[in-house]
Structures are given as C-alpha cells and as structure tokens.
Amino acid sequence: FAIQTANGETKYVLINLSLRSVNDAHTQNHHNNHTNCAAKTAPIRFSQPDQDDYIVCIAHDITTDVQEEYQTASEAQELRLLVDTANAPIFGIDAQGNINEWNDKTAEITGFTKTEVLGQPLLSALFISPSFQESVSEVLSNALEGRGTSNYELEFQTKSHETRYLLLNATTRVDVNSKIVGVVGVAQDVTEAAKHDRAVAGMANELRQLIDTA
C-alpha cells in the first residue's frame, strides 16, 4: 500500500505480518536481522504487556517496481490512443487469424464497429472479396512466419456491401519474448481514383512511420 513520507513523497510498501511467541524470539530476531540485510526490509514488533505472543510486521519498499509498472501502463495507454485515433486503417489478427485489432479509421471505412468484428476470422466473405481470399491468406501466412508484406492492394467489403481498395502493409506482431502472436496491418484507403497516385507516392514513408510507432 501507499504511505506518505515526512517530506511528502509517496512510497509503496509490501507488508508481511506474522504471529510470534516469546519462546522463539531469539531465533526470530536473528532471522529477521539476516533478512533485513539481504532484502532491505524493516521489521516492527507489536505486542501487549504480559502476553507471550506478539506480531512482527516486515515492510518491503517496492516503490521502484510500482513506478515502473505505472510507467509501462502509461506508455501502453498512449500507444492505444495512437492506434485508435490514427488517420489510417489499422487492424490485426491473432495467430489463429481472428481479428483482435480494429481502430476507429477501419470502423469508419468499413462500417463495422470494433465490437462487431473482434474474434471474427478476417478471411471471411464478410470482409474479404472471395477472389482475394487466397492471396490475402498467403500474405497473412507469410507475416505469421516473420515475413511482412508492403504495398499489397486489398479489396475490402464494407457493411453496406461496397468495395473499398486498401493499400496494405502487413507486419509480424511479437510479444515481449519475441514470440510471433499475430499480424498487424496498416493501410491506406485508395478507393478514389483521383487520390490513387498521391496515395501510392506517399505510402511508403507514411505507413513506415505508423508501423514504427504502433
């Protein structure tokens, strides 16, 4: 739990309480002294007069660990905000091919909300044109084996049964142990012919920046 120091700082400590008897006080004191030296703990004894039993409280300072956890959580929250609000479609799948990422721009383009698609297979006629499913499957399989694909033109089906053309970068997603856990796709909507040339020209630099910060 959190405690305030005399100078107003917040410290986080882990408390261990144990019931002891005066009969083993000498042995326990020796053990506590050894523990304090190794683990930097602080023992405090609580007892009542004329009682044989007493409580020993050992507090371990975990402030650094808690602060690191808060920092990691903050960075994860910033990354989540970046993905969700990016001005480009970002979606992902797990190792089984099921959708586990679907940002706001993807929802806007396709008409499918994140709630509707999470857990659904990406390789479905609901999302991918039948004529593209074989090639999309190859792109995803390659990424799941560590081989990404850049500037792949994908036909995506919207909820209103329209076809949107996306220029896609598919990148392998790994966990903290570098184990492959899925694929993340960062795309550009190039449906409108008037924007197609400009989208292709600026795609490499824009998508690389998005992928590096995803």
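The structure under discussion appears in the preceding block.
Residues numbered from 1 in each chain as written. Predicted model: local features only at pLDDT ≥ 70, side-chain atom pairs only at ≥ 80, totals over all residues. Heavy atoms only, no water.

## Some details on a negative patch on the surface
How we decide: Two distance rules govern patches: like charges are joined within 9 Å, and nonpolar side chains (Val, Leu, Ile, Met, Phe, Trp, Tyr) within 5 Å, applied only to residues with over 30% relative accessible area and no salt bridge. Surface accessibility in these figures is a Shrake-Rupley result with a 1.4 Å probe; residues are shielded only by whichever protein chains are displayed. Definition used for salt bridges: Asp or Glu carboxyl oxygen within 4 Å of a side-chain nitrogen of Lys or Arg. Only four residue types enter the tally: Lys and Arg on the positive side, Asp and Glu on the negative side, with His and both chain ends excluded. In this description, the location of a charge corresponds to atom NZ of lysine, CZ of arginine, CG of aspartate or CD of glutamate. Secondary structure elements follow DSSP: runs of H or I no shorter than four residues count as helices, runs of E no shorter than two count as strands, and numbering proceeds from the N terminus.
A cluster of acidic residues, Asp61, Asp65, Glu68 and Glu69, forms a negative patch at the surface. If you tally residues by element for the negative patch, the top one is helix H2 (residues 63–85), at three residues. Residue position: glutamate 69 is located in helix H2.

## Thoughts on the nonpolar core
To be explicit about the condition: Take the buried residues of types Ala, Val, Leu, Ile, Met, Phe, Trp, Tyr and Cys, join any two whose side-chain atoms come within 4.5 Å, and each joined set is a nonpolar core. Partly exposed residues are those whose accessible area sits between 20% and 50% of the maximum for their type, while under 20% is buried and over 50% is exposed, using a 1.4 Å probe and protein chains only. Should any heavy atoms of two residues lie within 4.5 Å, those residues are counted as being in contact.
Counting residues in each nonpolar core, the largest one holds 22 residues, and the members touching the most others are Phe91, Trp102, Leu122, Phe127, Leu154 and Phe156. Counting only elements with at least two residues in this core, the list comes to strand E5 (90–94), strand E6 (99–102), helix H5 (133–144), strand E7 (149–157), strand E8 (163–174) and strand E9 (180–189). The element contributing the most residues to this core is H5, with four residues. Not counting residues within four places of it along the chain, the set of residues in contact with phenylalanine 91 comprises Glu101, Trp102, Thr106, Leu122, Leu154, Phe156, Leu166, Leu168, Val183, Val184, Gly185 and Ala187. Counting five residues, the second largest nonpolar core, distinct from the first, contains Ala86, Ile90, Val184 and Val186.

## A few points about the pairing of E9
The condition is simple: Only when DSSP finds a minimum of two bridges between them are two strands counted as paired.
Of all ten residues making up E9, seven are buried, and the element is well covered by its neighbours. Across five bridges, E5 lies against E9 in antiparallel orientation. Within E9, the position partnered with isoleucine 93 by the bridge is valine 183. Here nine bridges tie E8 to E9, and the two strands are oriented antiparallel to one another. In the strand pairing of E9, asparagine 169 is matched with valine 186.

## Observations regarding the packing of aromatic side chains
Pairs of aromatic rings are described using the distance from one ring centre to the other and the angle between the two planes. Convention followed: Between 30 and 60 degrees the pair is tilted, below 30 it is stacked and above 60 it is edge-to-face, where a pair is any two Phe, Tyr or Trp rings, Trp via its six-membered ring, whose centres lie within 6.5 Å.
A full pass over the atoms with the stated rule returns six aromatic pairs. Where phenylalanine 112 meets phenylalanine 127, the ring centres are 5.2 Å apart and the plane angle is 75°; that geometry is what we call edge-to-face. Taken as a pair, phenylalanine 112 in the loop between helix H3 (104–110) and helix H4 (114–117) and phenylalanine 127 in the loop between H4 and H5 lie far apart in primary sequence, 15 residues in all. When sorted by exposure, phenylalanine 112 lands in the same class as phenylalanine 127, which is buried. Between phenylalanine 127 and phenylalanine 156, the aromatic rings sit 6.4 Å apart at their centres with planes inclined by 45°, giving tilted as the arrangement. Of this pair, phenylalanine 127 sits in the loop between H4 and H5 while phenylalanine 156 sits in strand E7, and the two are 29 residues apart along the sequence. What makes phenylalanine 127 buried here is its relative accessible area of 1%. Residue phenylalanine 156 is classed as buried on the basis of its relative accessible area, which comes to 2%. By the ring-pair criterion, three or more aromatic residues cluster together here, those being Phe91, Trp102, Phe112, Phe127 and Phe156.

## Some points on the side chain of serine 129
Looking at the secondary structure, you find serine 129 in the loop between H4 and H5. Here serine 129 is in contact with Glu155 and Gln157, once residues within four sequence places are set aside.

## Looking at the pairing of E8
Sheet topology note: the E7/E8 ladder contains seven bridges and is antiparallel. Its bridge partner lying in E8, phenylalanine 156 is registered against arginine 164. Once E8 ends, the chain turns through five residues before running back antiparallel as E9, passing serine 178 with a positive phi of about 65°.

## Quick notes on H5
Where we set the bar: Expected helix span is taken as 1.5 Å per residue step, with the number of steps being one fewer than the number of residues.
Spanning twelve residues, H5 covers 16 Å between terminal C-alpha atoms, matching the ideal 16 Å at 1.5 Å per step. Contacts made by the buried residues of H5 are with E5, E7, E8 and E9. Of the residues one or two after H5, glycine 146 is the one with positive phi, at around 95°.

Interpretation in functional terms is not warranted from these geometric data alone.
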